[in-house]
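Listed below, chain by chain, are the residues.
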Amino acid sequence: MELNLEEIREIMVRHLGKDLFRHSLGTAQTAYSLAERYGEEPERAYLAGMVHDYGKVYSSEALRRWARGLKLKLDQVTLAEPGLLHAPVGAALLPLELGLKDAGVLRAVAYHTTCRPGASLLERIVYLADYIEPGREFPGLGPVREAAEKNLRAALVMVVEQTIRRILDRGRLLHPRSVEFRNSLLRSKI
Ligand SMILES: [Fe+2]
Ligand SMILES: [Fe+2]
């Protein structure tokens, strides 16, 4: 049985709690309008935005337990960093717990923290929406939000570069996929 968007929203309200639900709703709505602007299916983008942080409610230990239990093939950086690990674990849990089957939506969830070279339009939209949704407030967001209105690639370059800088400033582990994604954007014209 496929759940409809309204049912999924109801489940997410309870699963995520108030703050994370508000962030997810903002991401869903932002993904919807980016999809309209750049030619993706808005409802699919909304759904992906709504569920992208499904794994974020779990502790690092629980995330690692899920990753082992579900036999996910993950690299050491992802396993060591809950800020990364919640993405693939969430993508693996969604088909089991919500019956979500859209492989494109699940990939957008799995890669929402780093994106990746060769990412689909949906993956890029969710990655950007997660960063610029209206609830976010940090320095440097204004120009990204402006760029997102007219040039998806330029906005993505800003997001990945700001993200990499922030990771370095905080002394966290940097995933090589972020660097690869950034380089792939610089080498592509669109
Ligand atoms: Fe996330
Ligand atoms: Fe998020």
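Conventions and cut-offs
Sequence order sets the numbering: in each chain, residues are counted from 1 along the sequence as written. Chain letters start at A and ligand numbers start at 1, both assigned in the order the entries are written. pLDDT decides what is reported in this predicted model: residues at 70 or higher carry local features, side-chain atom pairs at 80 or more are listed and counted, and totals for whole chains, interfaces and linings draw on all residues regardless. Numbering of helices and strands runs from the N terminus; a helix is a DSSP stretch of H or I covering at least four residues, while a strand is a stretch of E covering at least two. Restricting the calculation to C-alpha atoms gives the radius of gyration, and the globule rule supplies 2.2 Å times the number of residues raised to the power 0.38. A residue is called partly exposed when the number of other C-beta atoms within 10 Å of its own lies between 12 and 20, exposed at 12 or fewer, and buried at 20 or more, with C-beta atoms placed from the backbone. Once C-beta atoms have been placed from the backbone, residue pairs whose C-beta atoms lie within 7 Å are recorded as contacts. To get the bend at a residue, fit one axis to the 7 residues ending there and another to the 7 starting there, then take the angle between the axes. By convention in this section, buried Ala, Val, Leu, Ile, Met, Phe, Trp, Tyr and Cys residues joined through C-beta atoms within 7 Å make up a nonpolar core.

Caption draft 1: A look at the overall build of the chain. Across its full length, the chain carries eleven helices and zero strands. Counting helices and strands in the order they occur from the N terminus, the chain gives α-α-α-α-α-α-α-α-α-α-α. Taken over the C-alpha trace, the chain has a radius of gyration of 16 Å; the compact-globule value for 190 residues is 16 Å, and the two agree within 12%. When its C-alpha atoms are laid out on the principal axes, the chain stretches across 40 × 35 × 30 Å. Residues classed as buried in the chain amount to 38% of the 190 residues present. Counting contacts in the chain only where the partners sit at least 6 residues apart, residues at least 24 apart contribute 57% of the total.

Caption draft 2: Fine view of helix 6 (residues 82-98). Bending of helix 6 peaks at approximately 30° at the position of Ala92, with proline Pro95 no more than four residues after it. Looking at helix 6, one finds that the buried residues are Leu84, Leu85, His86, Ala87, Pro88, Val89, Gly90, Ala91, Ala92 and Leu94. Of the surrounding elements, those touching the buried residues of helix 6 are helix 3 (42-51), helix 4 (60-69), helix 5 (76-80) and helix 7 (103-110). Count one or two residues on from helix 6 and you reach Gly99, which has phi positive near 70°.

Caption draft 3: View of the nonpolar core. With 49 residues, the main nonpolar core has Ala31, Ala45, Ala48, Val51, Val109 and Leu128 as its most contacted residues. Among the elements that make up this core, the one with the highest residue count is helix 8 (residues 121-132) (eight residues). Those residues within four positions of Ala31 in sequence are excluded, and the remaining contacts are Ala45, Tyr46, Ala48, Gly49, Ile125, Val126 and Ala129.

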